[in-house]
Amino acid sequence: QVQLVESGGRLVQAGDSLRLSCGISGRTFGLNAVAWFRQTPGKGNEFVAALTWNGGPQYYADSVKGRFTIPRDNVKNIVYLQMYSLRPEDTALYYCAARYDGSDIKIPTTYAYWGQGTQVTVSS
């Protein structure tokens, strides 16, 4: 069992930067991946970025590649989503999610544990 809590979402202007946090507690041993998804009425649950828990590769959606990164604090068990050059189309409810097993890291249904979500709104 693992618990996830997102924070950091707020209203920003286009071009701004913002860092979201995903605090992870409970049983972290054995985690396969932690990912960020975002949800909008038009796109549903969209993959944003992910990391493999034990230091493997990181993955990014084409729409955010080069603008977003996933810094990680291994001591505090926090996974961040660092966002630069935000655009109005980045507006969404952002979730972090974790899983203990799975192959394709971009598939939301492979994640069993989710945070409550944090809203990011980017104005023009």
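Relevant structure appears above.
What you are looking at is a predicted structure, and each value in this text was computed from that prediction instead of being measured.

Conventions adopted
- Residues numbered from 1 in each chain as written.
- Predicted model: local features only at pLDDT ≥ 70, side-chain atom pairs only at ≥ 80, totals over all residues.
- Heavy atoms only, no water.
- Helix = DSSP H or I, 4+ residues; strand = E, 2+ residues; numbered from the N terminus.
- Rg over C-alpha atoms; globule rule 2.2 N^0.38 Å.
- Buried < 20%, exposed > 50% of the residue type's maximum accessible area, 1.4 Å probe, protein only.
- Contact = heavy atoms within 4.5 Å.
- Areas by Shrake-Rupley, 256 points an atom, 1.4 Å probe, with all protein chains shown as cover.
- Lys, Arg positive; Asp, Glu negative; His and termini not counted.
- Charge placed at Lys NZ, Arg CZ, Asp CG, Glu CD.
- Polar contact = N/O pair within 3.5 Å; in protein donor to acceptor, adjacent residues only side chain to side chain.
- Phe/Tyr/Trp six-rings, centres within 6.5 Å; stacked < 30°, edge-to-face > 60°.
- Lys NZ or Arg CZ within 6 Å of the ring centre and 35° of its normal.

*Asks:* Explain the overall build of the protein chain to me, please; I cannot follow it from the model alone.
*Replies:* Along the backbone of the protein chain there are zero helices and 12 strands. For the protein chain, the sequential pattern of α-helices and β-strands runs β-β-β-β-β-β-β-β-β-β-β-β. Taken over the C-alpha trace, the protein chain has a radius of gyration of 13 Å; the compact-globule value for 124 residues is 14 Å, and the two agree within 12%. For the protein chain, the C-alpha atoms occupy an extent of roughly 40 × 30 × 25 Å along the three principal directions. Each of the 124 residues in the protein chain was classed as buried or not, and the buried ones make up 44%. By sequence separation, contacts in the protein chain at least 24 residues apart represent 56% of the contacts at least 6 residues apart. For the protein chain, the accessible surface area stands at approximately 6,100 Å², while carbon and sulfur atoms represent 50% of it. Taken as two groups, the 12 positive and 9 negative side-chain charges of the protein chain have centres that lie 3 Å from each other.

*Asks:* Where do I start with the side chain of Arg 67 in this structure?
*Replies:* Within the secondary structure, Arg 67 is located in the loop between strand E6 (58-60) and strand E7 (68-69). Engagement of the side chain of Arg 67 in a polar contact is seen with the backbone oxygen of Ser 63, the distance being 2.9 Å. There is a polar contact of 2.8 Å between the side chain of Arg 67 and the side chain of Asp 90. In this structure Arg 67 touches Gln 82, Met 83, Tyr 84, Ser 85, Leu 86, Arg 87 and Asp 90, once residues within four positions along its chain are discounted.

*Asks:* For this particular structure, what's the right way to read the packing of aromatic side chains?
*Replies:* Each aromatic ring pair is summarised here by two numbers: the centre-to-centre distance and the angle between the ring planes. Going through the model one piece at a time under the given rule, you end up with six aromatic pairs. Taken together, a centroid distance of 5.3 Å and an interplanar angle of 75° make the contact between Phe 37 and Tyr 111 edge-to-face. Remark: Tyr 111 occurs in the loop between strand E10 (92-99) and strand E11 (113-114) and Phe 37 occurs in strand E4 (residues 33-40); sequence separation between them is 74 residues. Consider the rings of Phe 37 and Trp 114, whose centres lie 5.2 Å apart with planes at 40°: the pair is tilted. Linking Phe 37 in strand E4 with Trp 114 in strand E11, this pair joins segments that are 77 residues apart in sequence. Accessibility expressed as a relative area gives 30% for Trp 114, which makes it partly exposed. One aromatic cluster in this structure is built from Phe 37, Phe 47, Tyr 95, Tyr 111 and Trp 114. Stacked on the ring of Tyr 111, the Lys or Arg Arg 99 has its end atom at 5.0 Å from the ring centre.

Remember that the coordinates give geometry; whether it matters functionally is a separate question.
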